[in-house]
Amino acid sequence: MLAIAAAVVFGIYLLLDLFDVHTSDLFNFPTFASLGLLLLSLYLAGVGSGPRAGTGSGRRFYGRRPGRG
């Protein structure tokens, strides 16, 4: 989820840069880069709601699993 948020932040900045939208000093390159990199580092550190093992997520196979010969 945090990786998606980082992609959205970088995408918004890219659109603002492509359309030459002049914003205030709050929304400049260092602000967007810091926010995006913070979200990516939190994602890589394991923070956020990702898939959890043992909670029933994923497919369950009963009997013979497909592709096992």
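As the structure is a computational prediction, the values presented were derived from the model and not from experiment. (Residues numbered from 1 in each chain as written. Predicted model: local features only at pLDDT ≥ 70, side-chain atom pairs only at ≥ 80, totals over all residues. Heavy atoms only, no water.)

Draft legend 1. Geometry of the packing of aromatic side chains. All chains considered together, the criterion is met by one aromatic pair. Judged by centre distance (5.3 Å) and plane angle (40 degrees), the rings of tyrosine 13 and phenylalanine 32 are tilted. Here phenylalanine 32 lies in helix 2 (residues 29–44) and tyrosine 13 lies in helix 1 (residues 2–18), a separation of 19 residues in the sequence. According to the relative accessible area criterion, phenylalanine 32 is buried, its value standing at 10%. (Phe/Tyr/Trp six-rings, centres within 6.5 Å; stacked < 30°, edge-to-face > 60°. Helix = DSSP H or I, 4+ residues; strand = E, 2+ residues; numbered from the N terminus. Buried < 20%, exposed > 50% of the residue type's maximum accessible area, 1.4 Å probe, protein only.)

Draft legend 2. Highlighting the packing of helix 1 against helix 2. Contact geometry for helix 1 and helix 2: axes closest at 8 Å, N-to-C directions at 165 degrees. Taken together, the axes of helix 1 and helix 2 are roughly antiparallel relative to one another. With respect to the hand of their crossing, helix 1 and helix 2 are arranged in left-handed fashion. Taken together, the residues of helix 2 that come into contact with helix 1 (itself represented by Leu2, Ala3, Ala5, Ala6, Val9, Phe10, Ile12, Tyr13 and Leu16) are Phe29, Phe32, Ala33, Leu35, Gly36, Leu37, Leu39, Leu40, Leu42 and Tyr43. (Axes fitted to C-alpha atoms, helices over the stretch in contact; angles between N-to-C directions. Parallel < 35°, antiparallel > 145°, perpendicular 65-115°, else oblique. Left-handed = near helix turned anticlockwise from the far one by under 90°. Contact = heavy atoms within 4.5 Å.)

Draft legend 3. Highlighting a nonpolar patch on the surface. A grouping of Leu14, Leu15, Leu18, Phe19 and Val21 is seen on the molecular surface, where their side chains present a nonpolar patch of about 530 Å² in accessible area. Here leucine 15 shows up in helix 1. (Patch = residues over 30% accessible without salt bridge, like charges linked within 9 Å, V, L, I, M, F, W, Y side chains within 5 Å. Areas by Shrake-Rupley, 256 points an atom, 1.4 Å probe, with all protein chains shown as cover. Salt bridge = Lys/Arg side-chain N within 4 Å of Asp/Glu carboxyl O.)

Draft legend 4. The environment of leucine 35, seen in detail. Relative to the assigned elements, leucine 35 resides in helix 2. Residue classification places leucine 35 among the partly exposed residues on the basis of a relative accessible area of 40%. Residues leucine 35 and alanine 6, 29 residues apart in the sequence, show an inter-C-alpha distance of 7.5 Å.

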